[in-house]
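A structural walkthrough
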Amino acid sequence: MKILVPVKQISVVDEDFELRADGKDVDPDYLDTEANEWDDYSYEAALEIMEAADGDVEVVPVTVGPDDAEDVLRRCLAKGGDRGIRVWDDDLVDATPAAIAKVLAKVVAKEQPDLVFTGTLSSDRSFAQTGVSLAAELGWPHVAVVTGIDWKPGDPKATLKRELEGGLIEEVSVECPAVLTIQLGINTPRYASLRGVKQAKEKPVQEWSLADLGLTGAELAAGASFRVRRMYKPETGRAELIEGTTAEQAARLAAIINELRGAA
Amino acid sequence: MTGEILVAVEHRQGALSPASLETIAAAIELKGDTDRSIAVAVIAEKPDDFVAQVSKAGVDE
Amino acid sequence: MPVASFQSDVYEAAVLALAEARKPAVILFPHSVDTWGYAPAVAMRGGFGCATDVIDVKYDGGDLVAVRAVYAEKLHMEVDFPERETVVLTVRTNVFKPTEADGSPAVSEFAAPQTQARTEHITYIEPEQTGDVDISQAEYMLSVGRGVGEEENVEQFKELADSLGFTLGCSRPIADNGWLPKSRQVGQSGKTVVKCKVYVAMGISGSVQHMAGMKHVPSIIAINKDAEASIFTIAKYGVVGDMFEIAEELRGHFS
């Protein structure tokens, strides 16, 4: 039994930044990288099932990203799992969610997992699209925004909780194999131990190109979700900033609060 | 005439979601002065109750 | 076919069949939890263009152009869909004003195709009513976010809120950690504070999901260490600074 967990290295924009020469993204010099917060939860969910199954489940993290995206795989492997997969090709630089889903579908075809756990969304571009697109590409059932999983190896169905608007929860069952998109709060992600971090460095990471997966850049470009015309800094509102020492700021805040609630 | 604007609305526990009416508003704004028509689709076992709720000015079908 | 509640296979098949029959230029969905669970699949299966969480959409000449926010709302991204006959767009909530005026459109029935449903609704679980306050009715609120740091720090903000006569709320991470009950969570998966007049946000950077529950409040006061935090784009008043130091000073004014 196997759970495949696609994880992503996300980009965070510096306070001051410049756009790329083509104006279609931020200049990479002004981007820092981080692990996507949602993926901590999806990986934890997979590890919990693995541990409960006592050796009967393998958890494999996979990422689509350049060389330095290996960090997010090592970060996962420091917590558990024995190997990772990284897919990259220069044709994937501006890949849309549909393209990433097609790549992941090929990885699923090779790996034959019983379940795939993605994050509900990634915090840099917030499409909330890749997991469900992957399921569609595979023809698999899928459930999005999952906050509870009851499944053990061999179960033909998983019983899930989905988080809806306003705190409402829906309980659903899904036939396996399936793709689940995992929401924050489903568990409390663990921290890696120092020993785990050290061990992770020795764990194998398979590297695949598009060609290894039988895909071409042209094929993916033809199936792009969209084409970026430009990026720009939006005009936004701006709070009236209260300056001064902390004492002065607090005094002004207190006066504002008193005025707003109509107190004397 | 070019393709229409189709709006897929949603409902839960017997109620149309408030976001559905916002999405119809987006369709009306997108339509603007084009000659496109707007169709709203309710996917339900008994859609009748929802049909009245989504029958808004500017919606064609 | 019974569709009492959302079922992704049935919804996907129905919209795909409609799209096949009508060849729409655009299919608009609300950007909601149910839609997250099927609109991308409709686009993928239909070979349609797709952009999610769209905040603006227009025709530029003959080209459909959609705008969405990226990089924690710091930038906007304008996209188009060359050579796509049909495009799926999911529209962010609380951006377009709901249509009020009634009309009388033609009504036609369309039989949804027979589809095998591979997920099954079991039940709904209503949010816990812990006998705690109903924050959706509160007029004055003080909410804490990730900046509060540790569980034992929450209490002092509860006391501060009490001394102001404000109701204590929080953002998602605080409820997820169990530091405050879920019933205190403001935002898309928590409560919308519909009655709120004054909202003091301390250590809340302002995710889209949080702001969905409170950005309508007429007077928002934000205190955050990060001058670039999104919350300052919707706040009326802001303090860039340490929430603990500000709280310490504020206490003196309301004791």
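Residues numbered from 1 in each chain as written. Chains lettered and ligands numbered in written order. Predicted model: local features only at pLDDT ≥ 70, side-chain atom pairs only at ≥ 80, totals over all residues. Heavy atoms only, no water.

1. With respect to the overall build of chain A
Test applied: For the purposes of this entry, the term helix denotes a DSSP run of H or I that reaches at least four residues, the term strand denotes a run of E that reaches at least two, and both are numbered from the N terminus. Throughout, exposure labels follow a simple rule: accessible area from a 1.4 Å probe, protein chains only, divided by the maximum for the residue type, with under 20% read as buried, over 50% as exposed, and the rest as partly exposed. Contacts: residue pairs with any heavy atoms within 4.5 Å of one another.
Regarding its fold elements, chain A presents seven helices and 13 strands. Dimensions of chain A along its principal axes, counting C-alpha atoms only, are 70 × 45 × 40 Å. Residues counted as buried form 56% of the 264 residues belonging to chain A. For chain A, long-range pairs separated by at least 24 residues make up 69% of all intrachain contacts whose partners lie at least 6 apart in sequence.

2. Let's talk about the interface of chain C and chain A
A common way to state how big an interface is: give the accessible area lost once the parts meet. Operational definition: By convention, the term buried area covers the 1.4 Å-probe accessible surface removed from two parts as they join, with the contributions of both added. Any Lys or Arg side-chain nitrogen found within 4 Å of a carboxyl oxygen on Asp or Glu counts as a salt bridge. Under this definition, polar contacts are N or O atom pairs within 3.5 Å; protein pairs additionally need one hydrogen-donor-capable and one acceptor-capable atom, and for neighbouring residues in sequence, both atoms have to be side-chain atoms. Any residue that is not Ala, Val, Leu, Ile, Met, Phe, Trp, Tyr, Cys, Pro, Asp, Glu, Lys or Arg is counted as polar, Gly included; the first ten are nonpolar and the last four charged. Strand pairing follows a simple DSSP-based rule, namely that at least 2 bridges must link the two strands.
Listed per partner, the contact involves 85 residues of chain C and 85 residues of chain A. Buried area between chain C and chain A, both sides added, is near 7,200 Å², and the carbon and sulfur share of it is 57%. On inspection of chain C and its partner chain A, the count reaches 10 salt bridges. For Glu 120 of chain C, the salt bridge goes to Lys 157 of chain A, with nearest N and O atoms at 4.0 Å. Here chain C and chain A share 36 residue pairs in polar contact (both at pLDDT 80 or more) between them. A per-element tally of the side of chain C that touches chain A places strand S6 (residues 119–125) of chain C first, with seven residues. For the side of chain C that touches chain A, a count of residues per class yields 40 nonpolar, 21 polar and 24 charged. Pairing analysis gives two bridges linking strand S13 (residues 240–241) of chain A to strand S11 (residues 237–240) of chain C, with the strands arranged parallel. Note on S11 of chain C: the bridge partner recorded for Leu 241 of chain A is Gly 238 of chain C.

3. Describing the UniProt feature "domain: Electron transfer flavoprotein alpha/beta-subunit N-terminal" (unreviewed entry) in chain A
Filter applied, for reference: UniProt positions are given in the numbering used here, feature names are shortened, and annotations may be inferred rather than shown by experiment.
UniProt records the feature "domain: Electron transfer flavoprotein alpha/beta-subunit N-terminal" (unreviewed entry) at residues 23–217 of chain A, using the numbering of this structure. Between the first and last C-alpha atoms of residues 23–217 of chain A the distance is 22 Å; the span itself is 29% helix and 27% strand.

4. A word on the confidence of the model for chain B
Residues and elements named next belong to chain B. For clarity, the threshold we go by: Per residue, pLDDT measures the predictor's confidence, with a range of 0 to 100.
Per-residue pLDDT for chain B has a mean of 91; in total, 98% of the residues score no lower than 70. Element-level mean pLDDT values for chain B span from 90 in helix H2 (residues 48–54) up to 97 in strand S1 (residues 5–8). Reported for the predicted complex are a pTM of 0.92 and an ipTM of 0.96.

5. Observations regarding the nonpolar core
What counts is decided by this rule: Put simply, buried Ala, Val, Leu, Ile, Met, Phe, Trp, Tyr and Cys residues joined by side-chain atoms within 4.5 Å make one nonpolar core.
One finds Ile 3, Val 103, Phe 117 and Leu 180 of chain A to be the most contacted residues of the largest nonpolar core, which totals 74 residues. Sort the elements by how many residues they give to this core and helix H3 (residues 97–111) of chain A lands first, with nine residues. Discounting chain neighbours no more than four positions away, the residues touching Phe 117 of chain A are Ile 3, Leu 4, Val 5, Pro 6, Ser 42, Ala 45, Ala 46, Ile 49, Ile 149, Leu 180 and Ile 182 of chain A. Judged by nonpolar contacts, the second largest core, of 44 residues, contains Leu 31 of chain A together with Ile 5, Val 40 and Val 54 of chain B.

6. Observations concerning the domain arrangement of chain A
This is how the line gets drawn: In this document the domain limits rely on a domain assignment from an automatic tool or a database.
Taken as a whole, chain A is organised into domain 1 (2–222) and domain 2 (236–264). One C-alpha centre belongs to domain 1 of chain A, the other to domain 2 of chain A; they are set 43 Å apart.

7. Here's the deal with the pattern of salt bridges
Under the defined criterion, the tally for this structure stands at 44 salt bridges over all chains. Across the pair Arg 86 of chain A and Asp 67 of chain A runs a salt bridge whose closest N-O atoms are separated by 3.3 Å. Of this pair, Arg 86 of chain A sits in strand S5 (residues 84–87) while Asp 67 of chain A sits in the loop between strand S4 (58–64) and helix H2 (70–77), and the two are 19 residues apart along the sequence. It is possible to trace a salt-bridge network through shared partners that takes in Arg 227, Arg 229 and Arg 230 of chain A together with Asp 60, Glu 78 and Asp 80 of chain C.

8. Some details on the side chain of Arg 118 of chain C
Within the secondary structure layout, Arg 118 of chain C lies in the loop between strand S5 (87–91) and S6. For Arg 118 of chain C, the side chain forms a polar contact with the main-chain oxygen of Gly 139 of chain A, separated by 2.7 Å. If sequence neighbours within four positions are ignored, Arg 118 of chain C has contacts with Gly 139, Trp 140, Pro 141, Ser 173, Val 174 and Glu 175 of chain A together with Gln 7 and Asp 9 of chain C.

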